[in-house]
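Chain and residue survey
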Amino acid sequence: MVENARAASESEIVTEDDRRRAFYQLSVPKKVTVMSAGPLVNLFIAIVLFTAMFVGFGTPSPTLVIDKVTACIPTTSSPLGECSASSKKSPAALAGIQKGDTLVSINGKTFAGWDDFKDYMTTLPAGNAEVVVDRGGQPVTMTVNMAKVSGSDYGNNQTFLGISPQIALVPLPIAEVPGKMVDITAQSLRGLVSFPTKLVGVGKAAVGDTPRDPNVLVGMVDVSRLSGDVASSELPPSWKIAQ
């Protein structure tokens, strides 16, 4: 009876032209086109949103503004440069470099960014070097006695100055956005590949007594909690949006 009513109703609403346009009547290329429309629109929206974020707000990147001056030269027993009775002051601390200074040049070499500075330090020998920083809009020139350190964080016999960068949102040039999108896509694919192992971690955290892996999958409750943490933080509004 239900089938008869459904057939009668369909005969009144669906015409022969409608039946010819039904999805199951379409050719394979047309079916593929219809099924691809949704994912392609989602991809387009993602590209637009990520482009607006990368170009309009930027991505967290190290800058040449000094956020921290390491007090002492790192050692095996003190890899973060904490000072002890036998520690030696770091070159930056001895020279008087301060938090908030902007690194301008070393031995006349200027830098496009923090990565450029790091690459230069791999070629710089130990000993005296002329370092110029910008302090409150004024250039300050000082002679710094560069040191050599070794360790997992610095490599083997690496020239060491003793400064850490300030992290800021740096807008990307529009030409670099496609490469960034490729990196994000690759990270997403790697995440999908590792998804089964993450589920194992979720199961262990649910039934076991081992500490939860901070990199394990999270649910909607955790997503809401993380969003609340970002919203209630003291970060600038642009940082909150970028997060």
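Residues numbered from 1 in each chain as written. Predicted model: local features only at pLDDT ≥ 70, side-chain atom pairs only at ≥ 80, totals over all residues. Heavy atoms only, no water.

1. Quick word on the state of the cysteines
- All chains considered together, the criterion is met by one disulfide.
- The disulfide that involves Cys-72 links it to Cys-83, with 1.9 Å between the sulfurs. Disulfide Cys-72 to Cys-83: torsion about the S-S bond roughly 100 degrees, handedness right-handed. Highlighted residues: Cys-72 in the loop between strand 1 (59-69) and helix 4 (91-95) and Cys-83 in the loop between strand 1 and helix 4, separated in sequence by eleven residues.
- Residue classification places Cys-72 among the buried positions, given a relative accessible area of 2%. (Disulfide = S-S within 2.5 Å. Helix = DSSP H or I, 4+ residues; strand = E, 2+ residues; numbered from the N terminus. Buried < 20%, exposed > 50% of the residue type's maximum accessible area, 1.4 Å probe, protein only.)

2. Points about the environment of Leu-80
- Relative to the assigned elements, Leu-80 resides in the loop between strand 1 and helix 4.
- Residue classification places Leu-80 among the exposed residues on the basis of a relative accessible area of 57%.
- Spatially, the C-alpha atom of Leu-80 lies 7.9 Å from that of Thr-70, the residues being ten residues apart in sequence.

3. A few points about the nonpolar core
- Core analysis: the largest hydrophobic core is formed by 20 residues, its most contacted members being Leu-103, Ile-106, Phe-117, Val-131, Met-146, Leu-161 and Ile-163.
- The contacts of Leu-103, once residues within four sequence positions are left out, are Leu-64, Phe-111, Phe-117, Val-131, Val-132, Val-133 and Ile-163.
- Met-53, Phe-54, Val-177 and Met-181 belong to the second-largest nonpolar core, a separate cluster that totals five residues. (Core = buried A, V, L, I, M, F, W, Y, C linked by side-chain atoms within 4.5 Å. Contact = heavy atoms within 4.5 Å.)

4. Structural notes on the pattern of salt bridges
- Enumeration over the complete set of coordinates arrives at two salt bridges.
- Residue Asp-101 pairs with Arg-135 through a salt bridge whose shortest N-O separation is 2.8 Å. Taken as a pair, Asp-101 in the loop between helix 4 and strand 2 (102-106) and Arg-135 in strand 4 (residues 127-135) lie far apart in primary sequence, 34 residues in all.
- Residue classification places Arg-135 among the partly exposed residues on the basis of a relative accessible area of 26%.
- Residue Lys-109 pairs with Asp-116 through a salt bridge whose shortest N-O separation is 3.9 Å.
- Asp-116 gets classed as partly exposed once you look at its relative accessible area, which sits at 25%. (Salt bridge = Lys/Arg side-chain N within 4 Å of Asp/Glu carboxyl O.)

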